[in-house]
There are 2 protein chains.
Amino acid sequence: MNELEFLAGLRAMPLHPGARGLVDDCAVIEFGSETLILTHDMMAEGTHFEPKASMADVAWKLVAMNLSDLASKGAEPVGALVGVSLGRDDAGFLSGLREALSVYNVPLLGGDTIAATGPSTFGITAVGRATHKPVPSRKGSKAGDALYVTGIVGRAMLGFEGHPQHLDAFNRPQPRLGEGRSLAPLASAMMDISDGLLLDGWRMASASAVTFRLNPETIPVADTARMDECLRWGDDYELLFTADPNRDLPVPATRIGTVEPEANAPIFLGGTALTEPGSLGYRHG
Amino acid sequence: MNELEFLAGLRAMPLHPGARGLVDDCAVIEFGSETLILTHDMMAEGTHFEPKASMADVAWKLVAMNLSDLASKGAEPVGALVGVSLGRDDAGFLSGLREALSVYNVPLLGGDTIAATGPSTFGITAVGRATHKPVPSRKGSKAGDALYVTGIVGRAMLGFEGHPQHLDAFNRPQPRLGEGRSLAPLASAMMDISDGLLLDGWRMASASAVTFRLNPETIPVADTARMDECLRWGDDYELLFTADPNRDLPVPATRIGTVEPEANAPIFLGGTALTEPGSLGYRHG
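The rules behind each value
- Residues numbered from 1 in each chain as written.
- Chains lettered and ligands numbered in written order.
- Predicted model: local features only at pLDDT ≥ 70, side-chain atom pairs only at ≥ 80, totals over all residues.
- Heavy atoms only, no water.
- Helix = DSSP H or I, 4+ residues; strand = E, 2+ residues; numbered from the N terminus.
- Expected span 1.5 Å × (residues − 1).
- Buried < 20%, exposed > 50% of the residue type's maximum accessible area, 1.4 Å probe, protein only.
- Pairing = 2+ DSSP bridges.
- Axes fitted to C-alpha atoms, helices over the stretch in contact; angles between N-to-C directions.
- Contact = heavy atoms within 4.5 Å.
- Buried area = accessible area lost by both parts, 1.4 Å probe.
- Salt bridge = Lys/Arg side-chain N within 4 Å of Asp/Glu carboxyl O.
- Polar contact = N/O pair within 3.5 Å; in protein donor to acceptor, adjacent residues only side chain to side chain.
- Domains from an automatic or database assignment.
- Nonpolar A, V, L, I, M, F, W, Y, C, P; charged D, E, K, R; others polar.

A few words now on helix α2 (residues 55–72) of chain A. The periodicity of an α-helix, 3.6 residues per turn, causes residues three or four places apart in sequence to face the same way. Residue and element names in this part refer to chain A. Spanning 18 residues, α2 covers 26 Å between terminal C-alpha atoms, matching the ideal 26 Å at 1.5 Å per step. Counting buried positions along α2 gives 18 out of 18 residues, so the element sits mostly inside the fold. Remark: Gly74 follows α2 within two positions and exhibits a positive phi of approximately 65 degrees.

The following block contains the structure:
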């Protein structure tokens, strides 16, 4: 099976109401008097990182990509469980894990360590608590809202290619935890754009049953000569969100478009209707 | 690194107080007005199951081993997140996952699916809520307590070897969720014995700073001619616990020994002092 087929199989399981139909970035669970936010993301050697990658960077990125999901819910991290298959340079992995957990103040909660053959696989379950309710989702964008993105897209692509000033964007991405918390009270919808701005935007517009009209000239890209790639490559852990255009934003973000009533495509990039998600980004469900 | 060395590295990280020093089966977190119980266990092809194994059985066992950790805390399952690297017979995996989640009434909360090269790796994060406080741990056994085990040990070993009446004990273990909940109010210490009765008993006695004196004639083993192996092979998801010997037990369990003040070994099996854990069971930290 490919990932989309398998995901369809998972969606047919008995789902917790907090699973949000497995179409959101996190599970959102009412637990006691609070709201628990849970996410689990994995990385595998050969698929998500190269065999020669720094294992400290891999561990950092594994933490960051999970915290980015919490950020998209405006959640505050509580802790993390880590699953590790031992392999090359476990000491490096531990050092990067320690750095990331320390920098973001995420204490370790537990996990599992296994001896496995073949390429290494890692997983983290990030646990957070909601700081604002309702907890933002991909649904909720309304016609008339403005569409915003934090930061600059395409930096991870350039970092992957070795551009010195963008290496950190690829190797040591920074989850937008503070921004997510500040934006949660005013965002009508929010998600991170780890799979690429266009594909993730397509998903948010579809989930919200609206159309995003993006103004390409306003989108902050790392290399204007390679705009198409910057909008599609992904691995940028920025936040995409919609909000009332009359509200002041509490953090820096760039307005890149407007939300319109649902038209014949979820996204218009300038005058071009984008109807098929296949060519828009990194598709792994 | 081997697993014990890596685990030592994890224990040196900033730990959440609920991580219980990474020496318990679950994290126990006060969250809102309730107590959250979290555990994460993995299985890898070639290490935890054979390449020709039924993937439906693998998925079942992955769920069961995580729920068994919740059972040892007397926890009620809330849901599960699943991490899957796609491979051979993903449909079989999905069918076993569905069966196990349905039988134990554990709704899916989320997870991640990745395309990976090489042997498959799977992980589950089980989420539960405590039904009794204090939540049982490996600490707490007191001199004068009685030592008990549920069920029969050694069945998984015989099932692994192909004995027809024990196949299910290996392929489709049943977590003792009901027993764990009933026992939590009276157990002074409790854990599951997935790594073998002697090794896990050694850990509980050590954590509690007591000595367990086991009466070998009373231990319920699946094959009395292979008692030593039955006590060491592991993969039995039974509960080991200590309690006041004067209390009636709410569920069937066998008294297999007595808790004594800490002596020169954590465990005496009959008259034999067991001081070194290396030969006592399946050691993976």
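Strand pairing in a sheet relies on backbone hydrogen bonds, with the paired strands running either antiparallel or parallel. Residues and elements named next belong to chain A. Across the sheet, five strands lie side by side as β1-β2-β5-β3-β4; this open sheet has mixed pairing. Every interior strand has two partners, whereas the edge strands, β1 (27–31) and β4 (108–115), have only one. Neighbour-to-neighbour, the strand axes of this sheet turn through a mean angle of 20 degrees, independent of strand direction. The pairing of β1 with strand β2 (residues 34–44) spans five bridges and is classified as antiparallel. Bridging across to β2, Ala27 finds its partner in Leu38. Seen against the sheet, α2 touches β2, β3 (75–86) and β5 (121–130) and runs at an angle of roughly 145 degrees to β2. The sheet strands contacting helix α3 (residues 90–103) are β3, β4 and β5, and the helix crosses β3 at an angle near 180 degrees.

Take the interface of chain A and chain B next. Residue-level contacts link 65 residues of chain A with 65 residues of chain B. The contact between chain A and chain B buries some 5,600 Å² in all, and 72% of this surface belongs to carbon and sulfur atoms. Across the chain A-chain B interface, the total number found is zero salt bridges. Joining chain A to chain B, the criterion identifies 16 residue pairs in polar contact (both at pLDDT 80 or more).

A word on the domain arrangement of chain A. Note on interface size: it is often stated as the accessible area lost on association of the parts. All names here are of chain A. The domain architecture assigned to chain A consists of domain 1 (3–130) and domain 2 (146–279). The gap between the C-alpha centroids of domain 1 and domain 2 is 22 Å. Facing the 21 residues of domain 1 at the interface are 18 residues of domain 2. Carbon and sulfur atoms make up 54% of the area that domain 1 and domain 2 hide from each other, which totals about 1,700 Å². There are four salt bridges connecting domain 1 and domain 2. Across the pair Glu76 and Arg181 runs a salt bridge, and its minimum N-O distance is 3.3 Å. There are seven residue pairs in polar contact (both at pLDDT 80 or more) connecting domain 1 and domain 2. When contributions to the side of domain 1 that touches domain 2 are tallied by element, the ones reaching two or more residues are α2 and β3. Considering each element in turn, the side of domain 1 that touches domain 2 owes the most residues, 12 residues, to α2. Its residues placed into classes, the side of domain 1 that touches domain 2 shows 10 nonpolar, three polar and eight charged.

As a further point, take the pairing of strand β5 (residues 121–130) of chain B. Residue and element names in this part refer to chain B. Most of β5 is tucked away, with nine of its 10 residues classed as buried. Pairing of strand β2 (residues 34–44) with β5, which is carried by nine bridges, proceeds in the antiparallel orientation. Across the sheet, residue Ala44 finds its bridge partner in β5, namely Thr121. Relative to β5, strand β3 (residues 75–86) runs antiparallel, the two sharing nine bridges. Along β5, the bridge assignment pairs Val84 with Phe122.

Relative to the assigned elements, Val82(A) resides in strand β3. Placed 15 residues apart in sequence, Val82(A) and Leu97(A) show a C-alpha to C-alpha distance of 9.4 Å. Apart from the residues within four sequence positions on either side, Val82(A) is in contact with Phe93(A), Leu97(A), Leu108(A), Gly110(A), Gly111(A), Asp112(A), Gly123(A), Ile124(A), Leu10(B) and His40(B).

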